[in-house]
Amino acid sequence: MEQVDLLILGAGAAGLFCAGSALRPGRRVMVLDHAAQPGEKIRISGGGRCNFTNLATAADRFLSRNPRFAASALARFTAADFVRLVDRAGIAWHEKTQGQLFCDGKATQITRMLLDRMSGADLRMRSAPRSVRHDGTGFVVETAGGAIRTARLVVATGGKSIPKIGATGIAYDLGAQFGLRLVDTRAGLVPLTFAEQELALCRPLAGVSVEAEIRHKDGRFRDALLFTHRGLSGPVILQISSFWNPGETLQIDLAPGRDIATDLKAERTRAGRAGIASVLGNALPARLAAAICEEMGLAQARLADQPNARLDALGARVNRWQVRPVGTEGYRTAEVTVGGIDTRDLDARTMQARKVPGLFFIGECVDVTGWLGGYNFQWAWASADAAGRAD
Ligand code: FDA
């Protein structure tokens, strides 16, 4: 039977980074992955340019049943630490917005950097673990190519999002097998879908984008909202989707920072002959303004003819649009999986299972989910580094 000191399942962001952090003289480190290529999600991330970290990284940028859990690892391996590695590798980058750092060139440069950093480790692609057991002194992982024995096993197989490129729920199965608790999982950073009533508005507007603000539970985001044929998308929707649960209603402000009812009343005094839709078009994209006026039977209406109550209703429709999504686009397109291995069962300094010495969970499979904007990769790097350096 082959024997290694540290075996990592998953050659994604967390697994590759963990291998590099774990290497030291005389230590045998192996990484197994069932996919053909390592780092497939890195390749498609950030529109192909990989938003590899965020300068504003802090524990409050993550969803978790224990909001403090991520703080220790994030403090010990920071965004600046990752930027240092990127600079040393000669990879050019830029800040897009809100602290989000992207490669100037291709995302695969990041994968190359991670592979160079772990070049002393044994990377085996197209190699799926068939079973994992503990034989009393170590872990035995069965693969098609034979059994591998290891003192330490790091599970870095990610979440369930995008099964087409290799995502599976194996981390959750292994957690359950070894007695760890699981926080219910669901698709996050994902477009929301709607029933016919809202779709009557969304469909004809597909492609229209508007700056919007949504507050829901602990989430409050202001960013672009995009109408689609199936509902709503865009960064503000992806952000809030991670906080949303089926059955819940969302309130959307389509003109943040403006009180539309007050503006319309002021405009009525100034230029009452104007059509409502064209005045509303000063605050919203013209197609959206026209669609809302149409929906409220105000398509041809002049401002001067409208009582306060109607302008208040129109203002509420724009500033406090109430919608109830029927669902999400699901794991097929979700950028992340919310929930996962319950952090109560992991040591926050090392990511080691409290009751199973030698077993570690890192990256997206843990119940730590970042906002959109490079936070999920920073969590992958930080949790991987914590496990890789653990004594
Ligand atoms: P990751 O999914 O990267 O890796 C898991 C690995 O395990 C894969 O290589 C997989 O093949 C392997 N595996 C799974 N099941 C297995 C099994 N049964 N046997 C063997 N191997 C198995 N984040 C961010 O911060 N900035 C960004 O720009 C983006 N952009 C982005 C775009 C898109 C389209 C998606 C889907 C996601 C993002 N993300 C992102 C999120 C980010 O990609 C994600 O959080 C990290 O890749 C998580 O890293 P992990 O290593 O935990 O899982």
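Residues numbered from 1 in each chain as written. Predicted model: local features only at pLDDT ≥ 70, side-chain atom pairs only at ≥ 80, totals over all residues. Heavy atoms only, no water.

Draft legend 1. Up close: the site of the ligand. In the vicinity of the ligand, 29 residues are found, and the nearest of them are Ala14, Asp33, Thr168, Glu364 and Phe377. A distance of 3.2 Å is found between an oxygen atom of the ligand and a backbone nitrogen or oxygen belonging to alanine 13. At a separation of 2.8 Å, an oxygen atom of the ligand approaches a polar backbone atom of alanine 14. Alone, the ligand offers 1000 Å² of accessible surface; in the complex the protein occludes 92% of this. At the level of elements, α1 (13-22), α2 (40-44) and α13 (375-389) are the ones that each hand at least two residues to the shell around the ligand. The dominant element in the shell around the ligand, judged by the number of residues it contributes, is α13, at three residues. A breakdown of the residues in the shell around the ligand according to their chemical character gives 12 nonpolar, 13 polar and four charged. (Near = heavy atom within 4 Å. Polar contact = N/O pair within 3.5 Å; in protein donor to acceptor, adjacent residues only side chain to side chain. Areas by Shrake-Rupley, 256 points an atom, 1.4 Å probe, with all protein chains shown as cover. Helix = DSSP H or I, 4+ residues; strand = E, 2+ residues; numbered from the N terminus. Nonpolar A, V, L, I, M, F, W, Y, C, P; charged D, E, K, R; others polar.)

Draft legend 2. Layout of the sheet that holds strand β5 (residues 93-95). The strand order across the open sheet formed by three strands is β3-β6-β5, and the pairing between neighbours is antiparallel. Two strands in the sheet have a free side with no partner beyond their single neighbour: β3 (51-54) and β5. Shown here is a sheet whose adjacent strand axes are inclined to one another by a mean of 25°, direction ignored. Judged from the three bridges that link them, β3 and strand β6 (residues 100-103) form a sheet pairing that is antiparallel. Within the sheet, the bridge partner assigned to asparagine 51 lies in β6 and is phenylalanine 102. (Pairing = 2+ DSSP bridges. Axes fitted to C-alpha atoms, helices over the stretch in contact; angles between N-to-C directions.)

Draft legend 3. Highlighting the nonpolar core. Counting 122 residues, the largest nonpolar core has Phe82, Ile110, Phe227 and Leu254 as its most contacted members. Here this core gets nine residues from one element, more than from any other, and that element is α13. The residues that make up this core include at least three from each of domain 1 (2-187 + 331-388) and domain 2 (191-329). Among all residues touching phenylalanine 82, those that are not within four sequence positions of it are Phe17, Phe52, Phe77, Ile110, Met113, Leu114, Gln378 and Trp381. (Core = buried A, V, L, I, M, F, W, Y, C linked by side-chain atoms within 4.5 Å. Buried < 20%, exposed > 50% of the residue type's maximum accessible area, 1.4 Å probe, protein only. Domains from an automatic or database assignment. Contact = heavy atoms within 4.5 Å.)

Draft legend 4. Summary view of the sheet that holds strand β16 (residues 250-253). Spatially, the seven strands line up as an open sheet ordered β17-β16-β13-β14-β15-β12-β18, and their pairing is antiparallel. Every interior strand has two partners, whereas the edge strands, β17 (321-323) and β18 (327-328), have only one. Here strand β14 (residues 219-227) pairs with strand β15 (residues 231-233) via two bridges, running antiparallel. From the neighbouring strand, leucine 226 faces β15, where its bridge partner is serine 233.

Draft legend 5. Expanded view of the packing of aromatic side chains. All told, the structure shown has 13 aromatic pairs when counted by the stated rule. With a centroid separation of 5.6 Å and 50° between ring planes, the pair formed by phenylalanine 17 and tryptophan 381 is classed as tilted. Of this pair, phenylalanine 17 sits in helix α1 while tryptophan 381 sits in helix α13, and the two are 364 residues apart along the sequence. For the pair phenylalanine 17 and tryptophan 381, one class covers both residues: buried. Seen in terms of ring centroids, phenylalanine 62 and tyrosine 375 are 6.1 Å apart; in terms of plane orientation they differ by 80°. Their pairing is edge-to-face. Within this pair, whereas phenylalanine 62 is found in strand β4 (residues 62-63), its partner tyrosine 375 is found in helix α13, the two being separated by 313 residues in sequence. Accessibility expressed as a relative area gives 8% for phenylalanine 62, which makes it buried. Among the residues examined, tyrosine 375 registers a relative accessible area of 2% and is labelled buried. One aromatic cluster is present, built from ring pairs that chain together Phe17, Phe52, Phe77, Phe82, Phe377 and Trp381. (Phe/Tyr/Trp six-rings, centres within 6.5 Å; stacked < 30°, edge-to-face > 60°.)

Draft legend 6. A look at the domain arrangement of the protein. For the protein, the assigned domains are domain 1 (2-187 + 331-388) and domain 2 (191-329). Relative placement of domain 1 and domain 2: their C-alpha centres are 39 Å apart. Listed as interface residues are 11 residues of domain 1 and, on the opposing side, 13 residues of domain 2. Both sides together, the interface formed by domain 1 and domain 2 hides about 980 Å², and carbon and sulfur atoms give 48% of it. Looking at the side of domain 1 facing domain 2, the largest losses of area belong to Arg186, Trp371 and Leu372, adding up to 45% of the total buried there. Summed over the shared surface of domain 1 and domain 2, the number is one salt bridge. (Buried area = accessible area lost by both parts, 1.4 Å probe. Salt bridge = Lys/Arg side-chain N within 4 Å of Asp/Glu carboxyl O.)

Draft legend 7. Structural view of the side chain of asparagine 51. Locating asparagine 51 in the fold gives a position in strand β3. Here asparagine 51 falls in the buried class, since its relative accessible area comes to 8%. A distance of 3.1 Å separates a polar atom in the side chain of asparagine 51 from the backbone oxygen of threonine 53. Residues within four places of asparagine 51 in sequence aside, it is in contact with Ser45, Gly46, Gln100, Leu101, Phe102, Gly373, Gly374 and Phe377.

Draft legend 8. Structural detail: the state of the cysteines. The full count for this structure, using the stated rule, is zero disulfides. Just so you know, cysteine 18 is unpaired, no disulfide at all, and the nearest cysteine sulfur is the one on cysteine 365, 11 Å from it. Note on cysteine 18: relative accessible area 0%, which makes it buried. (Disulfide = S-S within 2.5 Å.)

Draft legend 9. Representation of the pattern of salt bridges within the structure. Applying the stated rule across the entire model yields 25 salt bridges. Of the charged contacts in the structure, one is a salt bridge between aspartate 122 and arginine 124, with a shortest N-O distance of 2.8 Å. Residue classification places arginine 124 among the partly exposed residues on the basis of a relative accessible area of 27%. Aspartate 135 serves as the salt-bridge partner of arginine 149, at 2.9 Å between the closest nitrogen and oxygen. Here the residue arginine 149 occupies a position in strand β10 (residues 146-155), and aspartate 135 occupies one in the loop between β8 (129-134) and β9 (139-143), the gap between them amounting to 14 residues. Each of Glu2, Asp122 and Arg124 takes part in a single network of salt bridges with overlapping partners.

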